[in-house]
Amino acid sequence: MKSEKKQVVVVLGMHRSGTSAITRALEAMGVGLGDHLMPPAEGNNEKGFFEDVEINAINIELLKAFGDDWRSLAPIAAADLGSAKVEALRLRAMSVLRDRFEGNQIFGFKDPRTCRLLPFWQPLFADLGLEQTYVIALRNPLSVAKSLEHRDRMDFEKSCYLWL
């Protein structure tokens, strides 16, 4: 018997780990990604990122609220991600999720920042009564570091720490 519960599929993985390819494959298997996707970028992800621009923007603003960005090694406490400091972002995220599920049974998204911000998203999924599924992209950390070194001129050692 098919479940009537709506399902969110979250792809987790470090930048340059194949999350875009995995998310595209999920889309090909029927997981809806919505109509608000980041466009492809030449020399970076020519086939597309398959990232929801609004979810990406929320994640960037969340990190910024704590003085961070995706390159930061500083931890963010789960309690901070549930604090009043991010209430406006929580309301915005709920609105985005409700919109993405309107008329859809299954919605998926990816943004590598979500690995650090999952304690923000999971209570929202629970509040919306969503069944949660996670797909984890793993790529050799040395390959990730080489890719980040090439794309962003990022220090190889720092890239390895970020992968961790």
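Residues numbered from 1 in each chain as written. Predicted model: local features only at pLDDT ≥ 70, side-chain atom pairs only at ≥ 80, totals over all residues. Heavy atoms only, no water.

**Some words on the packing of aromatic side chains**
Put simply, the rule is: Geometry of aromatic contacts follows a simple scheme: Phe, Tyr and Trp rings, the Trp one being its six-membered ring, pair when their centres are within 6.5 Å, and the pair is stacked under 30 degrees between planes, edge-to-face over 60, tilted otherwise. In this description a helix means any DSSP run of H or I spanning at least four residues, a strand means any run of E spanning at least two, and both kinds are numbered starting from the N terminus. Under the scheme applied here, a residue whose accessible area is under 20% of the maximum for its type counts as buried, over 50% as exposed, and between as partly exposed, the area being computed with a 1.4 Å probe on protein chains only.
Here the structure, examined in full by the defined rule, presents six aromatic pairs. Here the aromatic rings of phenylalanine 109 and tryptophan 121 are separated by 5.4 Å at their centres, their planes lie at 50 degrees, and the arrangement is tilted. With phenylalanine 109 in strand β2 (residues 106-110) and tryptophan 121 in helix α5 (residues 114-127), the pair connects residues that are 12 residues apart, well separated along the chain. For phenylalanine 109, a relative accessible area of 1% translates into the label buried. Given the relative accessible area of 0%, tryptophan 121 is considered buried. Taken together, the ring pairs connect Phe101, Phe107, Phe109, Phe120, Trp121 and Phe125 into an aromatic cluster.

**Observations concerning helix α1 (residues 19-28)**
Heads up, the condition is: An arc is given here, and it is the one of the directions from the helix axis to the C-beta atoms. Should any heavy atoms of two residues lie within 4.5 Å, those residues are counted as being in contact.
Of all the positions in α1, only Thr19, Ser20, Thr23 and Leu26 are classed as buried. Around the axis of α1, the buried residues are gathered within 120 degrees of arc, so they sit on the same side. Exposed side of α1, more than 90 degrees from the buried face: Ala21 and Ala28 are the residues found there. Check the buried side of α1 and you find it contacts β1 (7-12), β2 and β3 (131-136). Backbone geometry just downstream of α1 places glycine 30 in the positive-phi region, at approximately 105 degrees.

**Remarks on the environment of proline 40**
The topology assignment puts proline 40 in the loop between α1 and α2 (53-65). The spacing of proline 40 and proline 112 is 72 residues in sequence and 16 Å in space, taken between C-alpha atoms. When near neighbours in sequence (up to four residues on either side) are disregarded, proline 40 contacts Asn45, Glu46, Lys47, Gly48 and Phe49.

**Side note on the nonpolar core**
Heads up, the rule is: Nine residue types can take part in a nonpolar core, namely buried Ala, Val, Leu, Ile, Met, Phe, Trp, Tyr and Cys, and a core is a set of them joined through side-chain atoms within 4.5 Å.
Ranked by size, the top nonpolar core spans 25 residues in total, and within it Leu62, Phe109, Phe120, Trp121 and Phe125 carry the most contacts. Elements supplying a minimum of two residues to this core: β1, α2, α4 (87-101), β2 and α5. Every residue in contact with phenylalanine 120, bar those within four places of it in the chain, is listed here: Ile58, Leu62, Leu81, Val86, Leu89, Arg90 and Ala93.

**Regarding the pattern of salt bridges**
Selection criterion: A pair is scored as a salt bridge if a Lys or Arg side-chain nitrogen falls within 4 Å of a carboxyl oxygen belonging to Asp or Glu.
For the structure shown, the criterion picks out nine salt bridges. One salt bridge connects glutamate 54 with arginine 100, and the closest N-O pair in it is separated by 2.6 Å. You can see glutamate 54 sitting in helix α2 and its partner arginine 100 sitting in helix α4, a full 46 residues away along the chain. According to the relative accessible area criterion, glutamate 54 is partly exposed, its value standing at 31%. Among the ionic pairs, aspartate 68 bridges to arginine 116, the shortest N-O distance being 3.1 Å. Taken together, the positions of aspartate 68 in the loop between α2 and α3 (78-81) and arginine 116 in helix α5 put the pair 48 residues apart, joining distant regions of the chain.

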